Amino acid sequence: MSGQIWGAPERKFQAAEPGARLGFTVTEGRVIEGYASLFLRRDQGGDVVMPGAYAGSLKAMEKSGRRVKMLWQHDPSQPIGIWDEVKEDANGLWVKGRLLPDVARGREAVALLEAGAIDGLSIGYRTVKAERDGKGQRLLQELELWEVSLVTFPMLPEARVSAKGDEPEADTWREVAALLNAARAQMART
């Protein structure tokens, strides 16, 4: 499988635990900042994004004047904001952007983030180059990044986003989301 080209769109999910150094946060009710993807972390699908996987895609987008899109739940008909910065560093794919309050779904996303009802980021991409290691993990070496979405169920359930000013009941909703994630993971194994 070494060097095989993949064509179908794919998604990877990332979220941030409250106060996590490598997660992401929401401030001022609409600014999202942090990591949409982390390098060298195995996700629930058995994939590992390798350092440098986004470099070519980001360079091509910059050269052509295009931007990574901010979508709601990977739906291309529902842009909810703008990613002002997208870059790769030693940890992964770092993004900073803002939800647009003039867009109805953007306002809804702010309310859902503040309530703790959603707390995940997910990347939409196409695999350009990947290979499998001895453990059966797919090592993603080059990706064509299309979008970063706010999502309900992140692929890395141990990490969650925090919203400034979380209310105590937000922890209850996070626990419910964790139970749903655990059930989903268990169903995927059976």
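On a predicted model such as this, the values are computed, not experimentally measured, just so you know.

Rules used in this analysis
- Along each chain, the written sequence defines residue order, and numbers are assigned to residues from 1.
- Only residues with pLDDT of at least 70 are given local features in this predicted model, and only at 80 or more are side-chain atom pairs given and counted; all residues enter the totals for whole chains, interfaces and linings.
- Only hydrogens and water are set aside when side-chain values are computed; all heavy atoms of the structure are taken into account.
- Under the scheme used here, helices are H or I runs from DSSP no shorter than 4 residues and strands are E runs no shorter than 2 residues, and both carry numbers assigned from the N terminus.
- Exposure is judged per residue with a 1.4 Å probe applied to protein chains only, and the accessible area is read against the type maximum: over 50% gives exposed, under 20% gives buried, and values in between give partly exposed.
- Only strands that DSSP links by at least two bridges are regarded as paired with each other.
- Whenever a nitrogen or oxygen atom comes within 3.5 Å of another N or O atom, the pair is scored as a polar contact, on the condition that within protein one atom can donate a hydrogen and the other can accept it, and that pairs from neighbouring residues in sequence are kept only if both atoms are in side chains.
- Any two residues having at least one pair of non-hydrogen atoms within 4.5 Å are treated as being in contact.
- To estimate how far a helix should extend, the number of its residues minus one is multiplied by 1.5 Å.
- Starting at the helix axis, one direction is taken to each C-beta atom, and the arc is that of these directions.
- We call a set of buried residues a nonpolar core when its members are Ala, Val, Leu, Ile, Met, Phe, Trp, Tyr or Cys and they connect through side-chain atoms within 4.5 Å of each other.

Of note in this structure, Q73 is not a glycine but carries a positive phi near 55°. Residue position: Q73 is located in the loop between β5 (69-72) and β6 (75-88). Q73 gets classed as partly exposed once you look at its relative accessible area, which sits at 30%. Its identity is not glycine, yet H74 carries a phi of approximately 65°, on the positive side. Mapping H74 onto the fold places it in the loop between β5 and β6.

All right, on to the pairing of strand β3 (residues 31-38) then. Across a regular strand the side chains alternate sides, sitting on one face of the sheet and then on the other. Of all eight residues in β3, seven are buried, a share of seventy percent or more. Taken together, the seven bridges between β3 and strand β7 (residues 92-99) define a ladder with antiparallel strand orientation. Among the inter-strand pairings, I32 is bridged to a residue of β7, identified as G97.

Moving on: the side chain of S149. Summarising the element assignment, S149 is placed in strand β9 (residues 138-151). There is a polar contact of 3.4 Å between the side chain of S149 and the backbone oxygen of L71. In this structure, S149 is in contact with L71, W72, Q73, H74, G120, L121 and S122, ignoring residues within four places of it in sequence.

With twelve residues, helix α2 (residues 104-115) should reach 16 Å at 1.5 Å per residue; the first-to-last C-alpha distance of 17 Å fits that figure. Buried within α2 are the following residues: G106, A109, V110 and L113. One side of α2 holds all its buried residues, which, seen down the axis, span an arc of 100°. Of the residues trailing α2, G116 is marked for its positive phi of about 80°.

Attention now goes to the nonpolar core. In this structure, Y54, W83, L99, I123, V148 and L150 are the most contacted members of the largest nonpolar core, which totals 29 residues. Taken together, the elements giving at least two residues each to this core come down to β3, α1 (55-64), β5, β6, β7, α2, β8 (120-132) and β9. Looking at this core element by element, the count peaks at five residues for β9. In this view, L99 contacts R30, I32, M70, I80, G81, G106, A109, V110, L113 and L150; residues no more than four positions away in its chain are not counted.

Glancing now at the pairing of β9. Within β9, ten of the 14 residues are buried, leaving the element largely enclosed by the surrounding structure. The sheet contact formed by strand β4 (residues 47-49) and β9 spans three bridges and is parallel. Within the sheet, the bridge partner assigned to V49 lies in β9 and is L140. Note that β5 and β9 share four bridges and pair parallel. In the sheet register, L71 faces β9, and the bridge partner there is S149. Relative to β9, β8 runs antiparallel, the two sharing twelve bridges. When the bridges of β9 are listed, S122 appears paired with S149. Between β8 and β9, which follow one another and run antiparallel, lie five residues, and G136 among them has a positive phi close to 85°.

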